[in-house]
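Inside the fold
Given next are the chains, with one letter for each unit.
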Amino acid sequence: MQLRQVSELAKRAIDAVAQVIVGKDEVLRQVLMGILSDGHVLIQDNPGLAKTLIAHSFSEVLDIAFSRIQFTPDLLPGEITGGYIYNQREAQFEFRRGPLFAHLLLGDEINRATPKTQSALLEAMQERQVTVEGERFPLDPPFIVIATQNPVEFEGTYPLPEAQLDRFIMRTSVGYPDPEQELEILLRRQQRKQDTMTLQPVVSHQELLAMQRALEEVHVGEAIGKYIVDLARATREDTRTEVGASPRGVFAVFKLARAAAVLDDRDFVTPEDVKGVARIALAHRLLLQPEYWVRGISDVSVVDDALNMVPTPQADYRGPKNS
């Protein structure tokens, strides 16, 4: 698939989801960038801001299998992976697949799951497989986890370990709509006379896989690569951080920047693409020193300071075929 086709299909997908998600085009763009990069997305925000609706809407317009898990403290690993059930008619055990076997999995309130259940999800996120009773079951591509997390309620929750946070290619938030957007939401609800709205596919399953593969053709110049590495190193050397961005974070910026370039109708990455994704790709990977966390210093501010400190490359980024 040509990159021009990827850009056109991506814009059609965003426009389709925007029929139900009003005034949040940048968030929809970010989530789709994560999907095109074959990465997992963490949406951290207050309840009632359409986090679940965003995930379900993308599954509809991309024509991929959707599954939802409501994480709770009593949820067991076998309830998400599936397990062996005895079939009396066949007189043998057979494997019944759990909700992990989907193309797009919504993990609602992921921080309410116990570490044992989160570890089962972690294997699926990293290895794209499920292991039950020593037998491995591969997950069909694409396998994307869109997880939600409530940042204001901590009772009955289990903070995600750094290893699991690092598996999310990005963390984003939705935010409250402004008054005009909120009024538009009400007017649209009144017009359709029902709460739910079914979206029609605009991208097929196979087209989505082709779009993901096509991103490999986006040119990332050596100067841009060095810029990404320098940004990650700046977060590690910052005295406010106990743990800086990992090499996996470097790859996250790399992948998301390629997706951003394609959505802007380009086949090469610029420093602006890197700057546009640095926050969502790096901030959640940082662990601040306790004294700075207590003082309210945010991980985002560390990334912003790195962007201000690291020199922006001035070289030609377009690559041999465009120069």
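Heads up: the structure comes first, above all this text.
A brief look at the structure comes next. As the structure is a prediction and not an experimental result, all values here were calculated from the model. One numbering rule holds for all chains: residues counted from 1, following each sequence as written. Whole-chain, interface and lining totals are the exception, using all residues; otherwise, since this is a predicted model, local features are given only for residues with pLDDT of at least 70 and side-chain atom pairs are given and counted only at 80 or more. Excluded from the side-chain calculations are hydrogens and water; all other atoms, namely the structure's heavy atoms, are used.

**Focus on unusual backbone geometry**
- In this structure, P142 follows P141 across a cis peptide bond, with omega equal to -5°.
- Along the polypeptide, P142 turns up in the loop between strand 7 (135-138) and strand 8 (144-149).
- We note that A91 has phi near 55°; this positive angle belongs to a residue other than glycine.
- Secondary structure elements follow DSSP: runs of H or I of four or more residues count as helices, runs of E of two or more count as strands, with numbering from the N terminus. Checked against the element boundaries, A91 lands in the loop between strand 3 (82-87) and strand 4 (92-97).
- At D265, a position not held by glycine, the phi torsion is positive, near 65°.
- Position of D265 among the secondary structure elements: in the loop between helix 10 (247-263) and helix 11 (271-282).

**Re the sheet that holds strand 9 (residues 168-172)**
- The strand order 2-5-8-1-9 describes an open sheet built from 5 strands, whose pairing is parallel. At either end of the open sheet lies a strand with only one pairing partner, and these are strand 2 (66-70) and strand 9. Between one strand axis and the next, the sheet turns through 15° on average, direction left out of account.
- Bridge count between strand 5 (residues 104-108) and strand 8: 4 bridges; the pairing is parallel. Along strand 8, the bridge assignment pairs G107 with A147.
- Across the face of the sheet, helix 3 (residues 51-61) comes into contact with strand 1 (40-44), strand 2, strand 5 and strand 8 while running at roughly 170° to strand 5. In this analysis, strands are considered paired if DSSP registers two or more bridges between them. To obtain each axis, a line is fitted to C-alpha atoms, and for helices this fit is confined to the stretch in contact; angles are then taken between N-to-C directions over 0 to 180 degrees. We call two residues in contact when some of their heavy atoms are within 4.5 Å.

**Some details on the pairing of strand 2**
- Here strand 2 shows a clear split, with S67 and I69 buried on one side and none of F66, R68 and Q70 buried on the other.
- The pairing of strand 2 with strand 5 spans 5 bridges and is parallel. Bridging across to strand 5, Q70 finds its partner in D108. Only protein chains enter the area calculation, which uses a 1.4 Å probe; residues under 20% of their type maximum are buried, those over 50% are exposed, and those in between are partly exposed.

**With respect to the layout of surface pockets**
- Grid spacing is 1 Å over the protein atoms alone, the probe is 1.4 Å, and a cavity is where that probe fits but cannot get out, while a pocket is an open set with protein on both sides within 12 Å along at least five of seven lines and lining residues have an atom within 4 Å of a point. Grid points are joined across faces, edges and corners, and a volume is the space filled by probe spheres set on the points. A volume near 1000 Å³ is recorded for the largest pocket.
- If you trace the largest pocket, you find 35 residues lining it, with Q44, Q149, R171, W293 and D299 closest to the centre.
- Going through the elements one at a time, helix 2 (25-36), strand 1, helix 6 (162-165), strand 9, helix 11, strand 11 (287-288) and helix 13 (299-309) are the ones with two or more residues in the lining of the largest pocket.
- At 3 residues, the largest contribution of residues to the lining of the largest pocket is made by helix 2.
- When the residues that make up the lining of the largest pocket are grouped by side-chain class, the tally is 16 nonpolar, 12 polar and 7 charged.
- For the second largest pocket, the calculated volume is near 700 Å³. For this classification, the nonpolar set comprises Ala, Val, Leu, Ile, Met, Phe, Trp, Tyr, Cys and Pro, the charged set comprises Asp, Glu, Lys and Arg, and every other residue, Gly included, is treated as polar.

**Considering the pairing of strand 8**
- Burial analysis of strand 8 places 6 of its 6 residues in the buried class, the great majority of the element.
- Burial of strand 8 is two-sided: the residues I144, I146 and T148 facing one way and the residues V145, A147 and Q149 facing the other way are all buried.
- Across 4 bridges, strand 1 lies against strand 8 in parallel orientation. Bridging across to strand 8, I43 finds its partner in T148.

**Considering a nonpolar patch on the surface**
- Like charges are joined within 9 Å and nonpolar side chains (Val, Leu, Ile, Met, Phe, Trp, Tyr) within 5 Å, but only among residues with over 30% relative accessible area and no salt bridge; these make up the patches. Only the protein chains shown count as cover for residues, and all accessible areas are computed by the Shrake-Rupley method using a 1.4 Å probe. Here a salt bridge means any side-chain nitrogen of Lys or Arg lying within 4 Å of a carboxyl oxygen belonging to Asp or Glu. A cluster of nonpolar side chains, L183, L186 and L187, forms an exposed patch at the surface whose accessible area comes to about 300 Å².
- Within the secondary structure layout, L187 lies in helix 7 (residues 179-192).

**Quick look at the nonpolar core**
- Throughout this description, the term nonpolar core refers to a set of buried Ala, Val, Leu, Ile, Met, Phe, Trp, Tyr and Cys residues connected via side-chain atoms within 4.5 Å. Counting 73 residues, the largest nonpolar core has V31, L32, I35, F58, L62 and V274 as the members making the most contacts within it.
- The element that contributes the greatest number of residues to this core is helix 10, accounting for 10 residues.
- Residue contacts for I35: discarding those within four places in its chain leaves F58, L62, L104, I144, L208 and Q212.
- Counting residues in each nonpolar core, the second largest holds 25 residues, with L75, I110, L139 and A147 among its members.

**Details of the packing of aromatic side chains**
- A pair of Phe, Tyr and Trp rings is counted when the ring centres sit within 6.5 Å of each other, with Trp represented by its six-membered ring. The angle between the planes then sorts it: under 30 degrees is stacked, over 60 is edge-to-face, the rest tilted. The tally for this structure, following the rule as stated, stands at 5 aromatic pairs.
- With a centroid separation of 4.0 Å and an interplanar angle of 10°, the aromatic rings of F95 and F137 are classed as stacked. With a gap of 42 residues between them, F95 in strand 4 and F137 in strand 7 connect regions that are remote in the sequence. Like F137, F95 is buried.

**Observations regarding the packing of helix 1 (residues 3-17) against helix 3**
- Packing of helix 1 against helix 3 leaves a shortest axis separation of 10 Å and a crossing angle of 130°. Considered as vectors, helix 1 and helix 3 are oriented oblique to each other. In this structure, helix 1 crosses over helix 3, and the sense of that crossing is right-handed. Contacts between helix 1 and helix 3 involve A13, A16 and V17 on the former and, on the latter, S57, F58 and V61.
- The residue makeup of the contact of helix 1 with helix 3, split by class, is 5 nonpolar, 1 polar and no charged. Each angle is binned into one of four classes, with values under 35 degrees roughly parallel, values over 145 roughly antiparallel, values of 65 to 115 roughly perpendicular, and all other values oblique. A crossing counts as left-handed when the near helix is turned anticlockwise from the far one by less than a right angle, and as right-handed when that turn is clockwise.

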